[in-house]
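Commentary on secondary and tertiary structure
One-letter residues, chain by chain:
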Amino acid sequence: MILTIDGSENNYSNNLRKEYGGYKSLIFAGLLSPDKIRELYASSDCLLFPSRLETWRLPITEYAPYRKPILTADRPYAHETTAGTSLTGYFNPDNARELAGKMEKLIKGDESGLKTIPFVKPEAPFTQNWEELFHLLLK
């Protein structure tokens, strides 16, 4: 598993690195270039996005075109961001056993817990780019 933290970001990431840095299955890669991220997405089997907080959600958005499994926290932001994806599963970010079970199923090739998330057209007002947004805001 590749983590895009290296321990220098804050106390929490530093503690994670100290506690789990010795595991060979965890790579604390830190900040990666866009080319390296695309390379990793293309060669990966699954995206795991466990954030409990609403974020920019860029990894989910970037990973969706690869049409590979996505496991993400069962939070409103994730449902919104995964709209239009296939092979998507949600998990309670406070339940490590649930996540482990979903990961184990995927490792064994069982995608039965994944589903296609329908795209829902956003309600107005809605813009698709910066120019449209500025025109809307400046009306």
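Residues numbered from 1 in each chain as written. Predicted model: local features only at pLDDT ≥ 70, side-chain atom pairs only at ≥ 80, totals over all residues. Heavy atoms only, no water.

1. A closer look at the layout of surface pockets
Which parts of space are left empty comes out when a probe the size of a water molecule is rolled across the atoms. Here the largest pocket is characterised by a volume of approximately 2,200 Å³. In terms of lining residues, the largest pocket is bounded by 50 residues, among which Met1, Ile2, Leu3, Leu48 and Pro50 are the most central. When contributions to the lining of the largest pocket are tallied by element, the ones reaching two or more residues are strand E1 (2-3), helix H1 (11-20), strand E2 (27-28), helix H2 (34-43), strand E3 (47-49), helix H3 (58-63) and helix H5 (96-107). Taken together, the residues of the lining of the largest pocket sort by class into 34 nonpolar, nine polar and seven charged. (1 Å grid on protein atoms, 1.4 Å probe; cavity = no way out; pocket = protein on both sides within 12 Å on 5 of 7 lines; lining within 4 Å. Points joined across faces, edges and corners; volume = space filled by probe spheres on them. Helix = DSSP H or I, 4+ residues; strand = E, 2+ residues; numbered from the N terminus. Nonpolar A, V, L, I, M, F, W, Y, C, P; charged D, E, K, R; others polar.)

2. Looking at the packing of aromatic side chains
Using the criterion set out here, one finds six aromatic pairs in the structure. Between Tyr41 and Tyr66 the ring centres are 5.8 Å apart and the planes differ by 65 degrees, which places this aromatic pair in the edge-to-face class. Pair noted here: Tyr41 is in helix H2 and Tyr66 is in the loop between H3 and strand E4 (70-73), with a separation of 25 residues, a long-range link. Linked through ring pairs, Tyr41, Tyr63 and Tyr66 together constitute an aromatic cluster. (Phe/Tyr/Trp six-rings, centres within 6.5 Å; stacked < 30°, edge-to-face > 60°.)

3. Here we look at helix H6 (residues 130-137)
Of all eight residues that make up H6, zero are buried, and the element is exposed over most of its length. N-capping of H6 is provided by Asn129, with a side-chain oxygen placed 3.1 Å from the backbone N of Glu131. (Buried < 20%, exposed > 50% of the residue type's maximum accessible area, 1.4 Å probe, protein only. Polar contact = N/O pair within 3.5 Å; in protein donor to acceptor, adjacent residues only side chain to side chain.)

4. What to know about the pattern of salt bridges
Inspection of the entire model under this criterion finds five salt bridges. Put simply, Asp94 and Arg52 hold a salt bridge, and the shortest N to O gap is 3.2 Å. On the criterion of sequence distance, the pair formed by Asp94 in the loop between strand E5 (88-91) and H5 and Arg52 in the loop between E3 and H3 is long-range, its members being 42 residues apart. The shortest N-O distance in the salt bridge between Asp94 and Arg75 comes to 3.7 Å. Remark: Arg75 occurs in the loop between E4 and helix H4 (76-81) and Asp94 occurs in the loop between E5 and H5; sequence separation between them is 19 residues. Taken together, the shared-partner salt bridges in this structure form one network comprising Arg52, Arg75 and Asp94. (Salt bridge = Lys/Arg side-chain N within 4 Å of Asp/Glu carboxyl O.)

5. A few points about the nonpolar core
Grouped together as the largest cluster of nonpolar side chains are 13 residues, with contacts concentrated most on Leu47, Ile60, Tyr63 and Tyr77. Going through the elements one at a time, H2, E3, H3, E4 and H4 are the ones with two or more residues in this core. Not counting the four nearest positions on each side in its chain, Tyr63 is found in contact with Tyr41, Ser44, Asp45, Cys46, Leu47, Lys68, Pro69 and Ile70. If you look at the next biggest cluster of nonpolar residues, it comprises five residues, including Leu71, Phe91, Leu106 and Leu114. (Core = buried A, V, L, I, M, F, W, Y, C linked by side-chain atoms within 4.5 Å. Contact = heavy atoms within 4.5 Å.)

6. Structural notes on the pairing of E4
One face of the sheet, then the other: side chains in a regular strand alternate in exactly this way. Of the pairings in the sheet, the one linking E3 to E4 comprises three bridges and is parallel in character. Along E4, the bridge assignment pairs Phe49 with Thr72. Where E4 meets E5, four bridges bridge the pair, whose relative direction is parallel. Counterpart to Ile70 in the pairing with E5 is Thr88. (Pairing = 2+ DSSP bridges.)

7. Section: the sheet that holds E3
Judged by pairing direction, the sheet is parallel, and its three strands sit side by side in the order E3-E4-E5 without closing on themselves. Because the sheet does not close on itself, it has two edges, and the strands there are E3 and E5. Strand-to-strand twist of the sheet, defined as the mean angle between neighbouring strand axes without regard to direction, takes the value 15 degrees. Along the sheet, H5 makes contact with E3, E4 and E5, crossing E5 at roughly 155 degrees. (Axes fitted to C-alpha atoms, helices over the stretch in contact; angles between N-to-C directions.)

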